[in-house]
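A look at the structure
Letter by letter, the chains look like this.
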Number of protein chains: 2
Amino acid sequence: MIDNQFSIVDAKPKQVAELMRLHLIDEADFQLDPVALFGRLLAKTMTNGHDQATIEQNLHQLLATPDVDLADWLESGQPLSDSVFYLVALQLLQFEPSLDFQVDDPLAAITKINLPHRFHQQWTKDDVIDAWYRLIVTRNKNGQNYLDYLTSQGLFTWTYDLPADQKPLWFNGKSVATFDPAKFIREVVYIETDLDTDFDGYADLVKAEIIRPAETNDGLKVPAVFTASPYNQGTNDEWGEKITHNVNQPLTAKKTGRVKSPAEATFSDPRYHQQVNGHATEASQSFSETGSYTLNDYLAVRGYAIVYSAGIGTKDSDGLQTCGSPEQTDSMKAVVEWLHGDRKAFTDRTSGIEINAWWCNGNVAMTGRSYLGTLATAVATTGVAGLKAIVSEAAISSWYDYYREGGLVMAPGGFQGEDADVLAAETFSRTKNPADYRRIKDTNRDYLAKMTAAQDRETGNYNQFWMARNYRIHFDRIKADVMMVHGLNDWNVKPVNVKRLYDAVQGLPVASHLILHQGQHIYINAFRSLDFSEMINLWFANKLWGVDNNADLAIPHVLVQDNARPEIWHVHRNWSTSNKRTYYFSNKVLSTSEVGQSSLDSFNDHHDDVTFKQWCQQPSRWQEAMLADDNNFSLRLLSAPAKDEWLLRGTPQVNLRVAVDADHGMISAQLVDFGKERRLTTSPQLINKGGLPLGYHWKYDDLREFKLAKQPTPFKVISYGHINLQNIKGAGTVNKLKANRFENVRLLLQPVFHHLLPGHQLGLVIFSTDFGMTLRGNENLTYQVDLGHSSLTLPDMSAL
Amino acid sequence: MIDNQFSIVDAKPKQVAELMRLHLIDEADFQLDPVALFGRLLAKTMTNGHDQATIEQNLHQLLATPDVDLADWLESGQPLSDSVFYLVALQLLQFEPSLDFQVDDPLAAITKINLPHRFHQQWTKDDVIDAWYRLIVTRNKNGQNYLDYLTSQGLFTWTYDLPADQKPLWFNGKSVATFDPAKFIREVVYIETDLDTDFDGYADLVKAEIIRPAETNDGLKVPAVFTASPYNQGTNDEWGEKITHNVNQPLTAKKTGRVKSPAEATFSDPRYHQQVNGHATEASQSFSETGSYTLNDYLAVRGYAIVYSAGIGTKDSDGLQTCGSPEQTDSMKAVVEWLHGDRKAFTDRTSGIEINAWWCNGNVAMTGRSYLGTLATAVATTGVAGLKAIVSEAAISSWYDYYREGGLVMAPGGFQGEDADVLAAETFSRTKNPADYRRIKDTNRDYLAKMTAAQDRETGNYNQFWMARNYRIHFDRIKADVMMVHGLNDWNVKPVNVKRLYDAVQGLPVASHLILHQGQHIYINAFRSLDFSEMINLWFANKLWGVDNNADLAIPHVLVQDNARPEIWHVHRNWSTSNKRTYYFSNKVLSTSEVGQSSLDSFNDHHDDVTFKQWCQQPSRWQEAMLADDNNFSLRLLSAPAKDEWLLRGTPQVNLRVAVDADHGMISAQLVDFGKERRLTTSPQLINKGGLPLGYHWKYDDLREFKLAKQPTPFKVISYGHINLQNIKGAGTVNKLKANRFENVRLLLQPVFHHLLPGHQLGLVIFSTDFGMTLRGNENLTYQVDLGHSSLTLPDMSAL
């Protein structure tokens, strides 16, 4: 294991006070000599009991030196040393002799595991306190810092009974879990929007579910962490499957010129039918469980109200599922407005009893991944008051880049045939209330039919529908600080989505952080190698509580997980730089020297029926076949083996001169890291199911980590792009395509941050049908590429 | 979904009282007409709120007829009908229109899903109450009965505050979750055994962890559910891997005659060093979490103390890991004795403060799967007082049948090279206390070395070591009632283990139940199709609380999951009968007509290096290759396609006349169901991660179910057996083997309970090396089988 912690802040002047506040040291302890003090600190953190026999028993089970147990050593009169302190520390942090460290050389392990430490010739009392404080904030073998571990063992349950005005307790800039989950208050409210998306003439009510600490009833005002999740009230997976689109059909020639598509349904302003008949301070409706994000669970016991809403078109709310439209954004913004005191909510759908978020300090953050992170981003682009910070994880920043690309229908990886209408149907959970659904069924059917037309799978063009779902247009309105998290291998919500957001916020007066990990479409808050939850704890303390903890300085601006070695995270100052390197396609290799003479090569996009069907069913086999060898359905260009380690960062660009023997066609390209290597596993591996407690007898997460795969692989796709040859001027403009006429095509690939190992070769593969993502017409089309007039520009390819 | 419930008992006379006790009906409600009563009952089970607006809102979301919502219908003056009641019932049980039922024909779904029901021409008040009571105990789409669902929504948290002497509350013979998990008391005690397995001269102390309801402090005495798990305090997986034995080596000729192996270490009687210095009623040591069995979690909130102990040779206990020896059994029996008041325990390892299980009513059950169920079985064979019932899941009944077979070293499926010593090393968690391990390291090393010799991998014979670990010898001492659960596809702990236990207890004066499922080595308490947890709730109410609920009549004696269709469970009176059918091997087919003339066929056990290595790495590929086609390394005999459905139940026997061209050799056989078919998935599929709450804000399980696999498979192995040709008289006797001399071999295969579909063929495959389980010497041995003098006897092959 390698420990990467970015949430530890320098708090030397506060160390003693913070330790005393948590009863980890007493006034009297300062009179002790260093060894006795060490023993006293040890005794104070024992979690199975505090009587003398138990303390002795525990000390008797730990080693102080390779041969002397801790109980005996504390009586031995020996002075404290680096090796004794850190041998004990390793054991307290659950590292194991022989496996993780050698008992006769604990200091080697401390360095190897990258644990915070400070060595001393002679240990003074101050050194003991300082080292102990550091130990308390150091993560253990199971991905928890020692403080959180002690919390999960129940050592701090006494803090549950502290008066509300003494909470939260801060330790090293982060909130301690002092809020009793058994006493959480769970409430349901219905927030009145300014929308009428179900055409009934009345303002849509949107249900929100709130979990808040009992201390709010005693006067404590807390920030709200809000997750907007259209999935939260249930999904209609079978319904979505039924209307999934057939992708086994050919491209066709499109009408040229500016794009025109059928308009989607529009909504009118509503009447507000909820007459206010009274006010309540307690909700009349409650709930037991709601689909929760474990990061929110972690925060809940640390003094945050957690709020979930599924928005319009979901169970117990009004409205329709508009899939990313401004109305959906507004319905989520309404929740923030209510939390900030700027909007009405009611205790139920009919009585007109108003209820305020009186327990909220008015500061709101939004969290969540994928559609959830998308809506956090979308709401941030409204600049709504009260929204102080968003954690935008694997978020869509333009839905065109989710379901389309370069004038092509494009599937999110793994979801061939899905589109905005499919997702709308899947998330329209008003079906879960059968009588409600009976009433809205026809309206929803008609609305969805219009969406199907407006999204325009026929052309794949960028149009009004997609413009309405492009949040980038309003990036300049963002006022919240932004934490971005994205997988460099996320082929579902592709990295271009975060790159565009990252680039935009650099020009805005907001704090921003970017974390790029080696996963696909996943959460990272249960990684062993990274203290993500603690970073958020630190960051939200600053953003939502106003704690002056230097969070934005401690948390890296750009943090990138290494793709070549497990558990390594690199701090960077930016994603891309202005450096570039151009590769030319001479002699079917990638070379930095230009040739400049025409040199044609070609490939054909047709496959025999058996192969075609098999690859449709298992696109991974197509991918394997295409990269394994030269073949007639793609062009493969390889660089010379890299002599050094290289870092590729930014957006690669392919410049092609290409022709096809038809009036329609598409070009795809993949950038590949070729080299037989044990690479990181595709998904993080389960280390401990349910092994990460988020509080004391509260929720649990599954501890995970990427490891090196057992078997080497010959290559790995690191980026790709696709373009319709009728959209070479842009996704919203259609050019005529003449058979066999060469066109110059500029194709931007997905942005990368890739560590290329020595001996590996960069490869660029040019082809047409992408079995995993594009339409699959299996047409007999031949593409010609003029290698002499084509090139690949790689951004910032710098030696490591 | 198909619902199978065996925990519902007839409780007609108690219905009203039980409903009133749970506040699901009031005295005043009896004055209402049937429709108003129905409305009242509905309102009482609402879990999101009980104010009129919320009740109306909820009723407004449910359909009473295809077109009228429940709120409107209740006001309509229409009489209650079957279709209204059961349409509402389906919705309350979370079934979904279109997907699970049609709104215009709810009664068809009720029958198809197999939900408890009773139809009426005219619904009286009594009918409403009766139907409502049935609904309360009916399981919903998410594998919970409605009562447990309402519990998980918090409807019964008011019962937490009932006086201790009013608990448990019984509903339909089962305990309601009336015990607040937030108030559980967690204690650690150290039980003094009569053993000294670590050779220090003193009695081994064994740690036990206890979770008991707070009500025990107010005078309630509860039964204890004890799980004996050597894994519970951590495992040394890497250590086990290191000493895993190499299986790529040949059999060798063994010394003939009675078996003699090196003796294992023996233990002496201990001194009792724990002087009693006082008595405590409260433990001084506690804990936060321990590896728990979700069935125990389910029971914990229903009024049981849950006890875990890892026994000797584990973290915080004394002793060594003896892997199934009588000493290990005794260390677990000691826990039962303490719970029953027959043995001392202390609050810690040194102070001598004694503590009794004063909160226990003296009745104990043991639960757990695999090693855990094994120890439950083992402790039951001691006849220890207080042990009233065991749930023996996937339990070993003789360790020889776990690591050996027929004079051969035999791996549990998936664990090639494991043996008793490996498992002992893996579970010896005293390593987790580094100083303790430092002190015991050498002793343990010497002990393990003796175990390695005594288990005798050189011969694979049955010897003293294995006899000591054969619990069958003492089956006649069992006094506890026995619930057996085993997977018919469990190739880890093979079905012979449960068959032997089942057969034995039929002759004992104890109640017994057998559940055979289609899984491998798994738990079944989170299946959607079976109410296993509720069955245990019913059974333990009877066994441990003495509730007269007819549990042993309600729960089937033999319950078998169908292997051909999902979610079907059959009730049977026994496993096997005395019926038999013999197949002869004429002309290389399985035929019921005898031939009687010699007819030789042969196979050779050697493979080229590449194939051999590949199959060693992936035994599944060997399995595929062997069954896919005729080949020269096995003999394959097929029956004619079955004309009807057949049920095979019991132990198949192969009678072979066989010779090998060496002085050593082994024969394996597999019984195979041939027929292209979509079979059940190998593992139950996840339906809902964490979607099965076990109480209110308590633990959660992952809801699972076997489904039909998407793709058909050509065959499925249903049984097998292996024998060393030097052990044809028994595993404990070695005969000389002469090259090329024919021997008559009787080979018992694993017992089956298999549903063979029409058109399928039974196949018997004869071979030698089993890449998944036997040694793999890759020797050039040729085996000859005299087909004319060989046969297969199938037990009780009856038409369905």
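Since we're looking at a predicted model, the values are computed, not measured.

1. Notes on the overall build of chain A
- Within chain A one finds 21 helices and 35 strands.
- Relative to the 2.2 N^0.38 estimate, which gives 28 Å for 800 residues, the radius of gyration of chain A is 29 Å and therefore close to what a compact globule would have.
- In terms of overall dimensions, chain A has C-alpha extents of about 90 × 75 × 45 Å along its principal axes.
- Burial analysis of chain A (800 residues in total) assigns 64% to the buried set.
- Look at the contacts in chain A between residues 6 or more apart in sequence, and 79% of them connect residues 24 or more apart.
- Accessible surface, chain A: about 28800 Å² in total, of which carbon and sulfur atoms supply 47%.
- Between the centroid of the 76 positive side chains of chain A and the centroid of its 95 negative side chains there is a distance of 6 Å.

2. Describing the packing of aromatic side chains
- Counted under the stated rule, the structure contains 80 aromatic pairs over all chains.
- Pairing Tyr86(B) with Trp123(B) gives two aromatic rings, centres 6.2 Å apart and planes at 65°, and the pair type is edge-to-face. Pair noted here: Tyr86(B) is in helix H5 (residues 82-92) and Trp123(B) is in the loop between helix H6 (106-113) and helix H7 (125-136), with a separation of 37 residues, a long-range link.
- Classification of Tyr86(B) by relative accessible area gives buried; the value is 3%.
- With a centroid separation of 4.7 Å and an interplanar angle of 75°, the aromatic rings of Trp491(B) and Tyr720(B) are classed as edge-to-face. One end of the pair, Trp491(B), is in the loop between strand S15 (481-487) and helix H17 (496-505); the other, Tyr720(B), is in strand S27 (residues 713-724), with 229 residues separating them in the sequence.
- When its relative accessible area of 18% is taken as the criterion, Trp491(B) is described as buried.
- Through successive ring pairs, a cluster of aromatic residues spans Tyr231(A), Tyr371(A), Trp399(A), Tyr400(A), Tyr402(A), Tyr403(A), Tyr462(A), Phe465(A) and Trp466(A).
- A cation over an aromatic ring shows up here: Lys167(A) above the ring of Phe179(A), its NZ or CZ 5.1 Å from the ring centre.
- For Arg469(A), the ring lying beneath its charged end belongs to Phe465(A), and the centroid distance is 3.8 Å.

3. Digging into the UniProt feature "domain: Xaa-Pro dipeptidyl-peptidase C-terminal" (unreviewed entry) in chain A
- What UniProt calls "domain: Xaa-Pro dipeptidyl-peptidase C-terminal" (unreviewed entry) maps, in this numbering, to residues 537-793 of chain A.
- End-to-end, the C-alpha atoms of residues 537-793 of chain A are 40 Å apart, and along that stretch the chain is 12% helix and 41% strand.

4. A closer look at the pattern of salt bridges
- Counting across every chain of the model gives 90 salt bridges over all chains.
- Here Arg40(A) and Asp26(A) are joined by a salt bridge, their closest N and O atoms 3.2 Å apart. One end of the pair, Arg40(A), is in helix H2 (residues 34-44); the other, Asp26(A), is in the loop between helix H1 (15-21) and H2, and 14 residues separate them in sequence.
- Owing to a relative accessible area of 33%, Arg40(A) belongs among the partly exposed residues under this scheme.
- On the accessibility criterion, Asp26(A) (27% relative accessible area) is partly exposed.
- Asp673(A) is paired through a salt bridge with Arg679(A); the nearest N and O atoms lie 3.2 Å apart.
- One connected set of salt bridges, linked through shared partners, spans Asp69(A), Asp198(B), Arg430(B), Asp436(B) and Arg439(B).

5. Structural notes on the interface of chain A and chain B
- Each partner contributes to the interface: chain A provides 48 residues, whereas chain B provides 47 residues.
- Both sides of the chain A and chain B interface together cover about 3800 Å² of buried area, and 44% of this is carbon and sulfur.
- When the buried area of chain A at its contact with chain B is split by residue, Gln57(A), Gln61(A) and Pro434(A) rank highest and sum to 16% of it.
- Taken together, the connections running from chain A to chain B amount to eight salt bridges.
- Arg438(B) is the partner of Asp67(A) in a salt bridge, and the nearest nitrogen-oxygen pair spans 2.4 Å.
- Here chain A and chain B share 36 residue pairs in polar contact (both at pLDDT 80 or more) between them.
- Among the elements of the structure, helix H3 (52-60), strand S3 (185-192), helix H9 (237-242), helix H15 (434-455) and strand S27 (700-705) of chain A are those that each provide at least two residues to the side of chain A that touches chain B.
- Examining the composition of the side of chain A that touches chain B, we find that five residues originate from one element, H15(A), more than from any other.
- In terms of residue class, the side of chain A that touches chain B is built from 13 nonpolar, 18 polar and 17 charged.

6. Description of the environment of Val558(B)
Residue and element names in this part refer to chain B.
- Here Val 558 shows up in strand S17 (residues 558-561).
- Residues Val 558 and Asp 673, spaced 115 residues apart in sequence, show a C-alpha to C-alpha distance of 23 Å.
- Beyond its immediate stretch of four places on either side in the chain, Val 558 contacts Tyr 502, Leu 514, His 570, Val 571, His 572, Arg 573, Asn 574, Trp 575 and Phe 753.

7. Observations regarding the nonpolar core
- Grouped together as the largest cluster of nonpolar side chains are 129 residues, with contacts concentrated most on Leu339(A) and Phe540(A).
- Not counting chain neighbours up to four residues away, the residues in contact with Leu339(A) comprise Ala224(A), Phe226(A), Val307(A), Ala357(A), Trp359(A), Cys360(A), Gly362(A) and Val364(A).
- In this structure, Ala265(B), Ala389(B), Met451(B) and Ile536(B) belong to the second largest nonpolar core, which totals 127 residues.

8. Side note on the sheet that holds S27(B)
Residues and elements named next belong to chain B.
- Strand order in the open sheet formed by four strands is S21-S31-S24-S27, and the pairing between neighbours is antiparallel. Unpaired on one side and paired on the other, strand S21 (634-638) and S27 mark the two borders of the sheet. With strand direction ignored, the average angle separating the axes of adjacent strands in the sheet is 20°.
- Bridge analysis of S21 against strand S31 (residues 761-767) gives five bridges, and the strand direction is antiparallel. Bridge pairing in S31 places Ser 634 opposite Phe 767.
- Those strands touched by helix H21 (residues 619-628) are S21, strand S24 (666-677), S27 and S31, and its axis lies near 75° from that of S24.

9. Topic: H2(A)
Residues and elements named next belong to chain A.
- Extensive coverage of H2 is indicated by the burial of eight of its eleven residues.
- Buried residues of H2: Val 35, Leu 37, Phe 38, Gly 39, Leu 41, Leu 42, Ala 43 and Lys 44, and no others.
- The elements touched by buried residues of H2 are H3, helix H4 (70-74), helix H5 (82-92) and helix H7 (125-136).
- N-cap assignment for H2: the residue whose side-chain oxygen lies 2.9 Å from the backbone N of Val 35 is Asp 33.

10. Focus on the relation of the copies chain A and chain B
- Between the two copies, chain A and chain B, the superposition gives an RMSD of 0.0 Å; the rotation angle is 180° and the shift along the axis is 0.0 Å. Taken together, these values place the two copies in the relation of a two-fold axis. Scanning chain A for the C-alpha nearest the rotation axis identifies Ala182(A), at a separation of 3.2 Å.
- Most of the interface of chain A is mirrored in chain B, where 98% of its interface residues are also at the interface.

11. Considerations on the sheet that holds strand S25 (residues 666-677) of chain A
All names here are of chain A.
- With respect to topology, five strands assemble into an open sheet ordered S20-S22-S32-S25-S28, the strand pairing being mixed. Where the open sheet ends on each side, the last strands, each with one partner, are strand S20 (589-590) and strand S28 (713-724).
- Across ten bridges, S25 lies against S28 in antiparallel orientation. Note on S28: the bridge partner recorded for Gln 670 is Tyr 720.

12. A few points about the pairing of strand S4 (residues 205-212) of chain B
Residues and elements named next belong to chain B.
- With eight of its eight residues buried, S4 lies for the most part within the structure.
- Where burial is concerned, the two faces of S4 agree: the one with Leu 205, Lys 207, Glu 209 and Ile 211 and the one with Val 206, Ala 208, Ile 210 and Arg 212 are both buried.
- Pairing between strand S3 (residues 185-192) and S4: eight bridges, direction antiparallel. Directly across from Val 188, in S4, lies its bridge partner Glu 209.

How each quantity is defined
- Residues numbered from 1 in each chain as written.
- Chains lettered and ligands numbered in written order.
- Predicted model: local features only at pLDDT ≥ 70, side-chain atom pairs only at ≥ 80, totals over all residues.
- Heavy atoms only, no water.
- Helix = DSSP H or I, 4+ residues; strand = E, 2+ residues; numbered from the N terminus.
- Rg over C-alpha atoms; globule rule 2.2 N^0.38 Å.
- Buried < 20%, exposed > 50% of the residue type's maximum accessible area, 1.4 Å probe, protein only.
- Contact = heavy atoms within 4.5 Å.
- Areas by Shrake-Rupley, 256 points an atom, 1.4 Å probe, with all protein chains shown as cover.
- Lys, Arg positive; Asp, Glu negative; His and termini not counted.
- Charge placed at Lys NZ, Arg CZ, Asp CG, Glu CD.
- Phe/Tyr/Trp six-rings, centres within 6.5 Å; stacked < 30°, edge-to-face > 60°.
- Lys NZ or Arg CZ within 6 Å of the ring centre and 35° of its normal.
- UniProt positions renumbered as here; feature names shortened; annotations may be inferred.
- Salt bridge = Lys/Arg side-chain N within 4 Å of Asp/Glu carboxyl O.
- Buried area = accessible area lost by both parts, 1.4 Å probe.
- Polar contact = N/O pair within 3.5 Å; in protein donor to acceptor, adjacent residues only side chain to side chain.
- Nonpolar A, V, L, I, M, F, W, Y, C, P; charged D, E, K, R; others polar.
- Core = buried A, V, L, I, M, F, W, Y, C linked by side-chain atoms within 4.5 Å.
- Pairing = 2+ DSSP bridges.
- Axes fitted to C-alpha atoms, helices over the stretch in contact; angles between N-to-C directions.
- Least-squares fit on C-alpha atoms with pLDDT ≥ 70 in both.

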